[in-house]
Amino acid sequence: MKRILGLLLLTLAASFLLSGCWNRRELNELGIAVAAGVDKVGDKYRLSVQIAIPGQVASKKVGSPQAPATLFTSEGDTLFEAARRMSQSSPRKIYFAHLRMFIIGESLARQGIAEVLDLLFRDHEFRTDFYFAVSKENTAEETLKIMTPIETIPANKLFTSLQTSEKIWSPTKAVTLDELINDLSSKGKHPVLTGLEIRGDKNIGEKKINVENIYTPSHLVYSGFAVFKSDRLIGWLNEKESRGYRLILGDVKSSVNHVKCRDQGKVVLETLRTSAKVKGSMVKSRPHINIRFSAEGNVGSVECSGLDLTKPETIQKLETEMEQMTVRLIETVIQKVQTEYKVDIFGFGEAIRRSNPKAWKSMKEDWDERYFPNLPVHIQVDYHIRRTGTISDSFLNEIRETR
Amino acid sequence: MNVALILMTAALVVWLELPRMLREREQRELWGFSVLLLLGVGISLTQTFISDIPTPLILVASLLKPFSDFLTAIGLIQ
Amino acid sequence: MPNVKISLRQLTIITALFMIGTAILIVPSALAVKAKQDAWIAALIGIGIGSLILALQLLLSRLYPDMNLVQISEKLLGKWLGKSVCFLLLLILFLGGPVAVLQEIGTFLTVQIMPETPIQAIIILFGAIVLMGVRLGLEVLARSAELLFPWFLLLFLSLSILLFSQVKWENALPILEQGPGPLIPAVCSFISIVYLPNMILLMIFPASVNRQSEANKAVFIGSLIGSLILLLIVILSILVLGPTITEKTMYPSYLLAQKINIGNFLQRIEVIMAVMWFITLFFRISFYFYATVAGYCQIFNIKNIQPLVIPLGWILTTLAVFIYPNVMFEHNWEARTWTPFSFIFGLLFPLLLLGLHGIRKIRSKGAPKKSRFPE
């Protein structure tokens, strides 16, 4: 009797527990946000969220009329309100845990992004693995409307293209939320975000025509870094300067550069593996920065004749040229930032803090205004050419002789 | 609804524990059991009627405040 | 007291799991708030000082090998004073220990994973498991600890290994930027979270271990395992997340688990990792709770603790729902009240008992007619 009653109670209890939980969210009730963009319109936030349409992504039908993603926009006094207001237009609750890209409109970036970041950091749905970009000249909303080929969901295109170009081409950088917050809260480093541009006619880009032909008239391109003074955008770096910047960070995995060859052509060197050590020191109570940059590379292509790659001297000469080139790249960007923007985006202050915390304490309050603009930076570059690709001497040399 | 649920659970607990204590003649156990159960049911019932019961920790905190202030003063805690 | 025996290995595991408990979730941010990137130094010093304190606590059990904490204090403080002091200490410990930890797990789940679920549901479900475990007795708890510990280790080690590629060494620099000053409160909070509550183990093991002479060693090894795991999680938080993020997030180790990403393939496994915290939190609550029930039974001369488990557990679960009115209260309580209390309970109380023991010993030497105390 007691056993049966006990079993009965157990079954009853189990039926309560197994029926599910409050926070169950079935896949067919969620709108999975893959990209979000924020702009400032007047004093309101305008949030645009790109949502993947699962059926369109999976379907193999050719020429289905619907785009693989859709865009919802809403406005609100705060970002969170705007996000919830979106339920007025979206058929499903928007789920942010799979967010890939967060686009910040240039106008908002110029006014400050810190308020936006607090929500992203505080809310439990946002993870820290999505990337940030600043939409240059256009609003984030316009950027998110562009149709993209190959990766049909634009957010995926933006994510993978940023990831790839960070790996094999130096002037972009994928910044995640925790890195951005670390930079923002550090006194010795200002954040930098990759810029995102629409090339071509954006009015065509919004239409399906954009991806119907082999040539897409309008596309999304990453270009240059946005320089922030704490949380406000104050200017841009061009491609060359952006490359210099990435070199200082020392996290370039692979990139290519060319040097002049015998004043008549170019030799391209493929850089693999770089490392940069930024050391701060105090010399006569003045801060100094030493950058030791070392890289390894291969000869990628030779676009001139008469270069004898079989001789060790040639390689040595190329190495020195490359070293000088790298020093120039690094110097240019430091000079530009020191004179024009006067914000320490390189983390030189952090370097001083690490090596000499006592001296840093007295300097940190007016680091950007007083110390950083005239900070002497010593650059030492070590470039080693290891291999010359699958051939040694270029066949261009023979062509020259027979011409 | 909640009151009924609480009383039912209490009855269940009594039904689960009481027979054995009576059988084994565990006098002290019975006393402890009844006092604690009444206290538990009491707290639960108060909770259903008064939504905002102050936490007992306030009492503990005020009890330990002098010591806590002392530790703060000598810099052991912040 | 029921006559249960647990093995030495089980004792080691119990100690380790009990120490890791809530600490694995909250210790990194608790230390980083005060010591920033030097949190790991604070943890290291904390382990040193904490081990000394643990040795002090264990000395008591060496002097009175077959007694538990309540019996020892009854003997040294006198029957009624000992009983009332223990009553008060156990009451505060009950409120700040199992009740608070039970709410902590509710808060953790509602903050990080299921924000719309009422906290009552989580607390009642988790509380029910704890009750079931404690009602089944120490032996069952010890055996399940033995069974679950390898799983915990597996999850913890995979977390550490999978994160190793994201370590940034410069996050730990500069060492001692603010000087050694901020380390002191950080060390104190480490000791008070991790080491001082271990005193409660004296309620559990001295009378329940089959080879008492080696029991102290087992506890000590367990405490070393536990504190090394905590040290590792502090180091990982600082090196992977950096001091600022560690300090700002409520549960840095959950954020650590979110950071795991091996080749865009092995990622988003934080909820699996959360099983690790369920294991340690379960044992933290269970042993706290077991110790309080056993303590109260001792105080009131109740022999069988089993019938009291459910009623006291009822109080545990109901109190857990409203023990902290909000998160700010929780932080304030932990810093301003729990730390001082744990110093009283884990350091001053054993010191007092040892002092009394010393006085008695001198007296009994002075008056050789009296019978000596067993040692």
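Scroll up a little and you will see the structure.
Residues numbered from 1 in each chain as written. Chains lettered and ligands numbered in written order. Predicted model: local features only at pLDDT ≥ 70, side-chain atom pairs only at ≥ 80, totals over all residues. Heavy atoms only, no water.

Q: Can you explain the overall build of chain B? Please cite residues and give values.
A: Helices and strands together make up the secondary structure of chain B, namely 3 helices and 0 strands. Counted from the first residue to the last, chain B has its helices and strands arranged as α-α-α. Computed over the C-alpha atoms, the radius of gyration of chain B is 20 Å, more than 25% above the 12 Å expected from 2.2 N^0.38 for a compact globule of 78 residues. Seen along its three principal axes, the alpha-carbon backbone of chain B occupies a region of about 55 × 35 × 15 Å. Within chain B, buried positions represent 28% of all 78 residues. (Helix = DSSP H or I, 4+ residues; strand = E, 2+ residues; numbered from the N terminus. Rg over C-alpha atoms; globule rule 2.2 N^0.38 Å. Buried < 20%, exposed > 50% of the residue type's maximum accessible area, 1.4 Å probe, protein only.)

Q: Explain the overall build of chain C to me, and be specific about the residues and the numbers.
A: For chain C, the count of helices and strands is 14 helices and 2 strands. The C-alpha radius of gyration of chain C comes to 21 Å, within 12% of the 21 Å expected for a compact globule of 375 residues. A principal-axis box enclosing the C-alpha atoms of chain C has dimensions of 75 × 45 × 35 Å. Looking at chain C as a whole, 63% of its 375 residues are labelled buried. A sequence separation of at least 24 residues applies to 84% of the contacts in chain C between residues at least 6 apart. Here chain C has roughly 13,700 Å² of accessible surface; of this, 69% comes from carbon and sulfur atoms. A gap of 14 Å separates the mean positions of the 26 positive and 15 negative side-chain charges of chain C. (Contact = heavy atoms within 4.5 Å. Areas by Shrake-Rupley, 256 points an atom, 1.4 Å probe, with all protein chains shown as cover. Lys, Arg positive; Asp, Glu negative; His and termini not counted. Charge placed at Lys NZ, Arg CZ, Asp CG, Glu CD.)

Q: Would you mind going over empty space enclosed by the protein in detail, with residue names and values included?
A: All names here are of chain A. Counting across every chain of the model gives 2 cavities of 30 Å³ or more. There is about 90 Å³ of room inside the largest cavity. Lining the largest cavity are Ser-170, Arg-243, Leu-247, Val-252, Ser-255, Asn-257, Thr-271, Phe-293, Met-322, Thr-326, Leu-329 and Tyr-383. With 3 residues, helix α12 (residues 312-341) is the largest single contributor of residues to the lining of the largest cavity. Its residues placed into classes, the lining of the largest cavity shows 6 nonpolar, 5 polar and 1 charged. The space that makes up the second largest cavity amounts to roughly 50 Å³. Every element with two or more residues in the lining of the second largest cavity is listed here: α3 (79-85) and α5 (114-122). The residue inventory of the lining of the second largest cavity, partitioned by class, reads 9 nonpolar, no polar and no charged. (1 Å grid on protein atoms, 1.4 Å probe; cavity = no way out; pocket = protein on both sides within 12 Å on 5 of 7 lines; lining within 4 Å. Points joined across faces, edges and corners; volume = space filled by probe spheres on them. Nonpolar A, V, L, I, M, F, W, Y, C, P; charged D, E, K, R; others polar.)

Q: Account for the pattern of salt bridges, with residues named and values stated.
A: All names here are of chain A. Inspection of every chain in the model, using the stated rule, returns 32 salt bridges over all chains. The residue Asp-183 makes a salt bridge to Lys-189 at a minimum N-O spacing of 3.2 Å. Both residues of the pair, Asp-183 and Lys-189, count as buried. A salt bridge links Glu-241 to Lys-336; the shortest N-O distance between them is 3.3 Å. Taken as a pair, Glu-241 in helix α11 (residues 239-249) and Lys-336 in helix α12 lie far apart in primary sequence, 95 residues in all. (Salt bridge = Lys/Arg side-chain N within 4 Å of Asp/Glu carboxyl O.)

Q: Could you give me a rundown of the pairing of strand β10 (residues 232-236) of chain A, with the residues and numbers involved?
A: All names here are of chain A. Summarising the sheet, strand β9 (residues 218-229) and β10 pair through 4 bridges and their orientation is antiparallel. When the sheet's bridge partners are listed, Phe-228 is paired in β10 with Leu-233. Taking the residues that link successive antiparallel strands as the turn, the β9-β10 hairpin has 2 residues, and the phi of Ser-230 there is positive, at about 45 degrees. (Pairing = 2+ DSSP bridges.)

Q: For the pairing of strand β2 (residues 44-52) of chain A, give the residues involved together with the corresponding values.
A: All names here are of chain A. Along β2, 8 of the 9 residues are buried, which leaves the element largely enclosed by surrounding structure. Taken together, the 8 bridges between strand β1 (residues 30-41) and β2 define a ladder with antiparallel strand orientation. Across the sheet, residue Ala-33 finds its bridge partner in β2, namely Ile-51.

Q: I'd like a description of the environment of Pro376(A), backed by residues and values.
A: Residue and element names in this part refer to chain A. Examined against the element boundaries, Pro-376 turns out to sit in the loop between α15 (367-371) and β14 (377-387). Sequence spacing of Pro-376 and Ser-242 is 134 residues, and the spatial spacing of their C-alpha atoms is 20 Å. Apart from residues no more than four positions distant in its own chain, Pro-376 is found in contact with Arg-286, Pro-287, His-288 and Ile-289.

Q: Talk me through the nonpolar core; I want residue IDs and the actual numbers.
A: Ranked by size, the top nonpolar core spans 202 residues in total, and within it Phe102(A), Phe132(A), Phe152(C), Trp277(C) and Phe289(C) carry the most contacts. Among the elements that make up this core, the one with the highest residue count is helix α12 (residues 270-299) of chain C (19 residues). If sequence neighbours within four positions are ignored, Phe132(A) has contacts with Met101(A), Phe102(A), Ile104(A), Leu117(A), Leu120(A), Leu162(A), Val175(A), Thr176(A), Leu177(A), Leu180(A) and Leu193(A). Counting residues in each nonpolar core, the second largest holds 49 residues, with Ile248(A), Cys261(A), Tyr341(A) and Phe348(A) among its members. (Core = buried A, V, L, I, M, F, W, Y, C linked by side-chain atoms within 4.5 Å.)

Q: How would you summarise the packing of helix α2 (residues 23-35) of chain C against helix α8 (residues 183-195) of chain C if you had to cite specific residues and measurements?
A: Residues and elements named next belong to chain C. Viewed as axis vectors pointing N to C, α2 and α8 meet at an angle of 165 degrees, and their least axial separation amounts to 8 Å. Taken together, α2 and α8 sit at an angle that is classed as roughly antiparallel. Both α2 and α8 take part in a crossing whose hand is right-handed. Every residue of α8 that contacts α2 at Ala-23, Ile-26, Val-27, Ala-30, Leu-31, Lys-34 and Ala-35 is listed here: Leu-183, Pro-185, Ala-186, Ser-189, Phe-190, Ile-193 and Val-194. Each residue belonging to the contact of α2 with α8 can be placed in one class, and the counts come to 12 nonpolar, 1 polar and 1 charged. (Axes fitted to C-alpha atoms, helices over the stretch in contact; angles between N-to-C directions. Parallel < 35°, antiparallel > 145°, perpendicular 65-115°, else oblique. Left-handed = near helix turned anticlockwise from the far one by under 90°.)

Q: Any details on a nonpolar patch on the surface? Residues and values, ideally.
A: A cluster of nonpolar residues, Met1(A), Leu5(A), Leu8(A), Leu9(A), Leu12(A), Leu12(B), Trp15(B) and Leu16(B), forms a patch on the protein surface that exposes about 760 Å² of accessible area. Secondary-structure elements contributing two or more residues to the nonpolar patch are α1 (2-18) of chain A together with α1 (2-24) of chain B. A total of 4 residues in the nonpolar patch trace back to one element, the largest contributor, which is α1(A). Looking at where Leu12(B) falls in the secondary structure, it is placed in helix α1. (Patch = residues over 30% accessible without salt bridge, like charges linked within 9 Å, V, L, I, M, F, W, Y side chains within 5 Å.)

Q: I'd like a rundown of the interface of chain B and chain C, residues and numbers included.
A: At the junction of the two partners, chain B supplies 40 residues and chain C supplies 38 residues. Taking both partners together, chain B and chain C bury about 3,400 Å²; carbon and sulfur atoms supply 74% of that area. Three residues stand out in chain B for area buried against chain C, namely Leu36(B), Leu57(B) and Gln78(B), and they jointly supply 18% of the buried area on that side. Run the count over chain B and chain C and you get 2 salt bridges. Note that Arg135(C) is salt-bridged to Glu17(B), the shortest N-O span being 2.6 Å. If you look at where chain B meets chain C, you find 10 residue pairs in polar contact (both at pLDDT 80 or more). Elements that contribute at least two residues to the side of chain B that touches chain C include exactly α1, α2 (27-49) and α3 (57-73) of chain B. (Buried area = accessible area lost by both parts, 1.4 Å probe. Polar contact = N/O pair within 3.5 Å; in protein donor to acceptor, adjacent residues only side chain to side chain.)

Q: Tell me what's going on with the packing of aromatic side chains, and back it up with residues and numbers.
A: Residue and element names in this part refer to chain A. Taken as a whole and judged by the stated rule, the model has 32 aromatic pairs over all chains. Between Phe-130 and Phe-132, the aromatic rings sit 5.5 Å apart at their centres with planes inclined by 50 degrees, giving tilted as the arrangement. When its relative accessible area of 1% is taken as the criterion, Phe-130 is described as buried. For Phe-132, a relative accessible area of 0% translates into the label buried. Between the aromatic rings of Phe-348 and Phe-372, the centroid separation amounts to 6.3 Å while the plane-to-plane angle is 45 degrees, which identifies the pairing as tilted. In this pair, Phe-348 sits in helix α13 (residues 348-355) while Phe-372 sits in the loop between α15 and β14, placing the two residues 24 residues apart along the sequence. Just as Phe-348 is buried, Phe-372 falls in that class too. Put simply, the rings of Phe-96, Phe-102, Phe-126, Phe-130 and Phe-132 touch in pairs and so form one group of aromatic residues. When the ring centre of Phe-159 is taken as reference, the NZ or CZ atom of Arg-100 above it lies at 3.9 Å. Above the ring of Trp-236, the side-chain terminus of Lys-136 is found at 4.8 Å from the ring centroid. (Phe/Tyr/Trp six-rings, centres within 6.5 Å; stacked < 30°, edge-to-face > 60°. Lys NZ or Arg CZ within 6 Å of the ring centre and 35° of its normal.)

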